[in-house]
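# Remarks on the overall topology
So the chains spell out like this:
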Amino acid sequence: MTQRAVCEPLIFEHSRPGRVNRAQSAHLGGELNGIPESLRRKHPPRLPEVSELDAVRHYTRLSQKNFSIDTHFYPLGSCTMKYNPRACNTLASLPGFLGQHPLSAARDSQGILACLWELQEMLKEVTGMSAVSLTPMAGAQGEFAGVAMIRAYHDARGDDARTEILVPDAAHGTNPATATMCGYTVREIPTDNQGDVDEEALKAAVGPHTAGIMLTNPSTLGVFERRIHEIARIVHEAGGLLYYDGANLNAILGKVKPGDMGFDVIHMNLHKTFSTPHGGGGPGAGPVGVSEHLQPFMPIPVVGRDDSGAFRWLDEHDLPQSIGRLSAHMGNTGILLRAYIYALMLGREGMVRIADYATLNANYLMARLRDAGFDMALPGRRATHEFILTLKHQAKEPGVTAMDFAKRLLDYGFHAPTTYFPLIIPECLLIEPTETESKQALDAFVEAMTAIQAEAEKDVETLKGAPYSLPVRRLDDVKAARELDLRWQAKA
Amino acid sequence: MPFIPHTEDDTRAMLAACGVDSIEDLFDEIPPELRADALDGIPPGRDELAVSRLLHARAAQDAQPLCFTGAGAYEHHIPAAVWEITTRGEYYSAYTPYQAEASQGTLQLLYEFQTMMSELTAMEVANASLYDGATALAEAVLMAVRANRKSKARRILMPRTVHPRYRGVVQAIVHHQGITLELLDYDTAGGHINPASLPTTPGDITALVIPQPNFFGALEDADALTDWAHTHGALVIGVVNPTAMAVITPPGEWGAAGADIVCGEGQPLGIPLASGGPYFGFMCCKQKIVRQMPGRIIGATVDLEGKRGYVLTLQAREQHIRRSKATSNICTNQGLMTTAATIYMAVMGPAGLEGVARQCHANTRALVQQLGEIDGVETVFDRPTFHETVLRLPRPTAEVLAGLSERGIFGGFDLSADYPELDNTLLVCATETRNETDMDAYAAALREVLA
Ligand SMILES: Cc1ncc(COP(=O)(O)O)c(C=O)c1O
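In this text the structure is predicted, and so the values were computed from the model without any measurement.

## Let's talk about the overall build of chain A
Counting its secondary structure elements, chain A contains 15 helices and 13 strands. Expected size for 492 residues packed as a compact globule is a radius of gyration near 23 Å; at 25 Å, chain A falls within 12% of this value. For the C-alpha atoms alone, the extent of chain A along its principal axes is close to 70 × 70 × 45 Å. Each of the 492 residues in chain A was classed as buried or not, and the buried ones make up 66%. Carbon and sulfur atoms provide 50% of the accessible area of chain A, an area that totals close to 16,100 Å². Averaging the coordinates of the 49 positive side-chain charges in chain A and doing the same for the 58 negative ones gives two points 6 Å apart.

## Points about the packing of helix 10 (residues 335-372) of chain B against helix 12 (residues 436-450) of chain B
Residue and element names in this part refer to chain B. Two elements in contact, helix 10 and helix 12, have axes whose closest approach is 10 Å; the angle formed by their N-to-C orientations is 25 degrees. By the criterion of interaxial angle, the relationship of helix 10 to helix 12 is roughly parallel. Pair helix 10 / helix 12 crosses with right-handed handedness. Touching Asn363, Ala366, Leu367, Gln370 and Leu371 of helix 10 are Met439, Asp440, Tyr442, Ala443 and Leu446, all from helix 12.

## Quick look at the side chain of Arg41 of chain A
Here Arg41 of chain A shows up in the loop between helix 1 (22-25) and helix 2 (52-63). Although buried, Arg41 of chain A forms no salt bridge, and the nearest oppositely charged side chain, Glu119 of chain B, lies 5.3 Å from it. A distance of 2.8 Å separates a polar side-chain atom of Arg41 of chain A from the backbone oxygen of His43 of chain A. Engagement of the side chain of Arg41 of chain A in a polar contact is seen with the backbone oxygen of Met245 of chain B, the distance being 2.9 Å. Here Arg41 of chain A is in contact with Glu119, Leu120, Met245, Ala246, Val247, Ile248, Thr249 and Pro250 of chain B, once residues within four sequence places are set aside.

## Quick look at empty space enclosed by the protein
This model, assessed by the stated rule, comprises 15 cavities of 30 Å³ or more. One number sums up the size of the largest cavity: a volume of about 260 Å³. Residue assignment for the lining of the largest cavity shows that the elements contributing at least two residues are strand 5 (207-212), strand 6 (235-240) and strand 7 (261-265) of chain B. Tallied by class, the residues present in the lining of the largest cavity amount to 11 nonpolar, 9 polar and 2 charged. Residue-level mapping places the lining of the largest cavity at the junction of two domains, with at least three residues from each of domain 1 (66-75 + 349-450) and domain 2 (80-343) of chain B. Computed from the structure, the second largest cavity encloses a volume of approximately 150 Å³. For the second largest cavity, the lining is made up of 19 residues, of which His172, Thr174, Ala247, Asn269 and Lys272 of chain A are closest to its centre. The element that contributes the greatest number of residues to the lining of the second largest cavity is helix 6 (residues 139-156) of chain A, accounting for 3 residues. The residue inventory of the lining of the second largest cavity, partitioned by class, reads 5 nonpolar, 11 polar and 3 charged.

## Remarks on the layout of surface pockets
In this structure, the largest pocket occupies an estimated 1,300 Å³ of space. Contributing to the lining of the largest pocket are 42 residues, with Leu103, Asp315 and Arg325 of chain A together with Arg165 and Phe413 of chain B lying nearest its centre. Elements supplying a minimum of two residues to the lining of the largest pocket: strand 9 (311-314) of chain A together with helix 7 (164-174), helix 11 (397-406), strand 13 (409-410) and strand 14 (413-414) of chain B. Its residues assigned to classes, the lining of the largest pocket comprises 21 nonpolar, 12 polar and 9 charged. Considered as a void within the structure, the second largest pocket measures approximately 780 Å³ in volume.

## Details of the sheet that holds strand 10 (residues 375-376) of chain A
Residues and elements named next belong to chain A. Strand order in the open sheet formed by 4 strands is 10-11-13-12, with antiparallel pairing between adjacent strands. The sheet is open, and its two borders are formed by strand 10 and strand 12 (418-419), each paired with just one other strand. Two strands pair when backbone bridges link them, and strand 10 and strand 11 (residues 387-390) are joined in this way by 2 bridges, in the antiparallel orientation. Residue pairing in the sheet places Asp375 in a bridge with Thr390 of strand 11. In the packing of helix 10 (residues 333-371) onto the sheet, contacts are made with strand 10, strand 11 and strand 13 (428-431), and the angle to strand 11 comes to roughly 20 degrees.

## Some thoughts on the domain arrangement of chain B
All names here are of chain B. Annotation of chain B at the domain level lists domain 1 (66-75 + 349-450) and domain 2 (80-343). Measuring from the centre of the C-alpha atoms in domain 1 to the corresponding centre in domain 2 gives 28 Å. Each partner contributes residues to the interface: domain 1 has 28 residues there, and domain 2 has 33 residues. Of all residues in domain 1, Arg383, Phe386 and Tyr419 give up the largest surface area on contact with domain 2, accounting jointly for 29% of the area buried on that side. Put simply, domain 1 and domain 2 have 1 salt bridge between them. Arg160 is the salt-bridge partner of Glu421, the closest N and O atoms lying 3.1 Å from each other. Counting across the domain 1 and domain 2 interface gives 10 residue pairs in polar contact (both at pLDDT 80 or more).

## What about the interface of chain B and chain A?
Listed by partner, the interface residues are 185 residues for chain B and 201 residues for chain A. Taking both partners together, chain B and chain A bury about 16,500 Å²; carbon and sulfur atoms supply 61% of that area. Seen at the junction of chain B and chain A, the total is 10 salt bridges. Among the ionic pairs, Arg323 of chain B bridges to Glu188 of chain A, the shortest N-O distance being 3.7 Å. The interface formed by chain B and chain A contains 99 residue pairs in polar contact (both at pLDDT 80 or more). Broken down by element, the residue count for the side of chain B that touches chain A peaks at 21 residues, all from helix 10 of chain B.

## Comments concerning the domain arrangement of chain A
Residue and element names in this part refer to chain A. The domains assigned to chain A are domain 1 (88-345) and domain 2 (354-478). Each of domain 1 and domain 2 has a C-alpha centre, and the two are 31 Å apart. Taken together, the 25 residues of domain 1 in the interface contact 19 residues of domain 2. For the pairing of domain 1 and domain 2, the buried interface totals around 1,700 Å² over both sides, and the portion due to carbon and sulfur atoms is 60%. The largest per-residue losses of area from domain 1 upon contact with domain 2 belong to Leu221, Gly222 and Asn250, which jointly make up 31% of the total buried on that side. Across the pair Asp196 and Arg381 runs a salt bridge, and its minimum N-O distance is 3.4 Å. Residue composition of the side of domain 1 that touches domain 2, by class: 10 nonpolar, 11 polar and 4 charged.

## What to know about the site of the ligand
In the vicinity of the ligand, 16 residues are found, and the nearest of them are Ser78, Asp245, His271 and Lys272 of chain A together with Thr332 of chain B. The local environment of the ligand is shared, drawing residues from chains A and B. A distance of 3.0 Å separates an oxygen atom of the ligand from a polar side-chain atom of Lys272 of chain A. The contact in question runs from an oxygen atom of the ligand to an N or O atom on the side chain of Thr332 of chain B, over 2.6 Å. Burial of the ligand by the surrounding chains reaches 99%, relative to a free accessible area of 390 Å². Among the detected pockets, the ligand sits in the second largest cavity. Ranked by the residues each element gives to the shell around the ligand, the list is headed by helix 6 of chain A, at 3 residues. Considering only residue class, the shell around the ligand consists of 5 nonpolar, 8 polar and 3 charged.

Conventions we followed
- Residues numbered from 1 in each chain as written.
- Chains lettered and ligands numbered in written order.
- Predicted model: local features only at pLDDT ≥ 70, side-chain atom pairs only at ≥ 80, totals over all residues.
- Heavy atoms only, no water.
- Helix = DSSP H or I, 4+ residues; strand = E, 2+ residues; numbered from the N terminus.
- Rg over C-alpha atoms; globule rule 2.2 N^0.38 Å.
- Buried < 20%, exposed > 50% of the residue type's maximum accessible area, 1.4 Å probe, protein only.
- Areas by Shrake-Rupley, 256 points an atom, 1.4 Å probe, with all protein chains shown as cover.
- Lys, Arg positive; Asp, Glu negative; His and termini not counted.
- Charge placed at Lys NZ, Arg CZ, Asp CG, Glu CD.
- Axes fitted to C-alpha atoms, helices over the stretch in contact; angles between N-to-C directions.
- Parallel < 35°, antiparallel > 145°, perpendicular 65-115°, else oblique.
- Left-handed = near helix turned anticlockwise from the far one by under 90°.
- Contact = heavy atoms within 4.5 Å.
- Salt bridge = Lys/Arg side-chain N within 4 Å of Asp/Glu carboxyl O.
- Polar contact = N/O pair within 3.5 Å; in protein donor to acceptor, adjacent residues only side chain to side chain.
- 1 Å grid on protein atoms, 1.4 Å probe; cavity = no way out; pocket = protein on both sides within 12 Å on 5 of 7 lines; lining within 4 Å.
- Points joined across faces, edges and corners; volume = space filled by probe spheres on them.
- Nonpolar A, V, L, I, M, F, W, Y, C, P; charged D, E, K, R; others polar.
- Domains from an automatic or database assignment.
- Pairing = 2+ DSSP bridges.
- Buried area = accessible area lost by both parts, 1.4 Å probe.
- Near = heavy atom within 4 Å.
- Sits in = over half its atoms within 2 Å of the grid points.

Written out as structure tokens, the structure reads:
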């Protein structure tokens, strides 16, 4: 039976009135004596009434409709879809870790605090920053913390004329969105035809109104920003600070430290570089690293260690100038633990090897695809851990888009690369193989791309109709947005 | 090499295809002065066995006292099926469902999640998660400022009965945008916001936050507060405990018109305590303001053949399309946690969830009654509570908690740092995971400590 034949109803459609899982609730009950009638719920929520088996079967079947790293090559650029070692999940899920209440006393939490403290230390070393706060819960929250620290820094100096954050036009959307959340206006800096930041435009843009610049290096174009020192000088001389978006840290781990490039504040996406799972959308972890002058402003809590070697949470009493808390507790502790376990297994040699083989895989795949006739967006440049292929010629003749290629790749058993990002490259596929894929997996991808190109030349409709072999054919996004259907409703 | 599959032959062939002699050559665009020294501060790699031994030791090092503390994170039983299924690789190791056709499992599950959260709160729609309860409240405040077009004041009324950490997080996030949070004090008898104490001419208010139950465990007069806010042109933001929703009036039914935005901490729905995370924030709203909602939203649609399917929708609100004008900067959310919560709600069903809520309520009442029999221990507020209650102690709270800790009991949350006027008080909680033996143990230990 093909996947297409299986249509899994909604869990609500499996529901039968009165079906109760006694194994989960036999002992439960009790009177609501303390709650007056006027405050009580009148009708129970219409949650599904299914057996435990119904639920297990339903969600197992749904899982089988997903592509994932565990099942497919998933070269989604900028997302670093590398293998998520199972040991990280197993060990982070030990009952001693899972059972700990977040408000437990420090003396009852020395084990977990030791892990987090060592992670802070390792991240400091590998990024070349003076201090690290682990609390941001994803890259975007790390960005928020970073830009809020830039603002706190200028404010503390009474420098309140700085109202603008510079962002390259190739930047990820979270960068400008973050600058706005922090109360800044955003000025875009163009990219030159080699993929580097346009230095003349930057020089023209900076001034006493510049709070800082947000940069990704390697950039979202998959190339190393070669004039980073010059950029740092221009921005620093204007009195601005440099923010490093660490989404692409995998490419340079242990090779180049953001601190050495002149960045004042950075975030890391542990759910990328440190291999914590993406979980179908999250959770992630976006620790921030700072140089010395931003240390007083770090988000709390931070793990500290006193002279006796005991660990404790540093809070607003230790860091009175902190930008504050960004979560009720310590952010995504369980994700931090997974990153810690991964870092222990890699060790110092393993970290550098990541950059080596991520780069080798990307350059190999780029070379093979180029030899197969595909156009690179920046042909003269080395790939970093990722690279961009443009299908602008194919879009004219025979008339297939990056989206068509992406959808057809799914039929061939590959998750599609990132499409239409960065926005400045037409019809692009941003391809990031990661170091955990073998040569054989990459070769198979090249074969699929070549076969799809041949299909396109023969009959574009083959691609336009793709995918054919997945649980659904191509879905209608426009209808979804026009005729909003955001939840199931019981039929009257 | 850990997690790198290349054989020497592979590497050689790949380098040849790239036209270079060594991997090092691939880094030749990086200015040499930027190259880092060896990572001496990082220990050498260890294998899985060695790391496993270390982590087992660390996990065993931390005491696991009998927990009577809630204060925003609650110990509940989690059916074994929940995490068995949630950690299947197809959920665990997938990315955000950008390629909808290859992500129908995650997308359908999230559509079910949105439906369940809407049902639980009696709201029209829900999003697919935010980071945690505290940031969800911050996002709700930002959303209210966008959605309440009539209000120009960017002024939010924030009761002191809202979780103090949430208030701190909201302040840290929204103050950059010129939004002011005005604190509302609580009624010292009830431990709630007394609607009679609210001004009759409050001026331009953008939104009123209503916690239900509030941080003291007390139930607010949500109907009266909602009607008051709506009368004065303010939106209502409910911040609610999802377990409580099974038995108390959901925000969609507050007052005449219901709350406008509802958010909260999803942890009670199948997420382990885990030292504070990962948890997840949820958010629901009235459909007419859904275009102001932050975060991922899943919608149903059809494919080329008319078959039902699910996609990320209303993406024009989000950072990857709208950039500096997006509703929020959020990108990665807490997907795997909502997966667990969805399976939890399906396995528990309405009867199971109501059972949990009733048992939490009954257990906390029983505990409070038992502790109240001890000399000098009494309840502080007289409002009805759900599953937490504030007790007054005859001795300083820190001292009492330390004594309880020596006896293997995590006795509750000390309110004095956040509420200086509530010295010698303790916020206690007994969920369905505590039984009579546990409560007897607590009472006996407290008697000893206070003796
Ligand atoms: C370049 C870049 N910056 C920032 C982000 C945002 O990170 P997160 O999704 O963890 O919030 C991403 C990932 O989505 C990214 O690729």
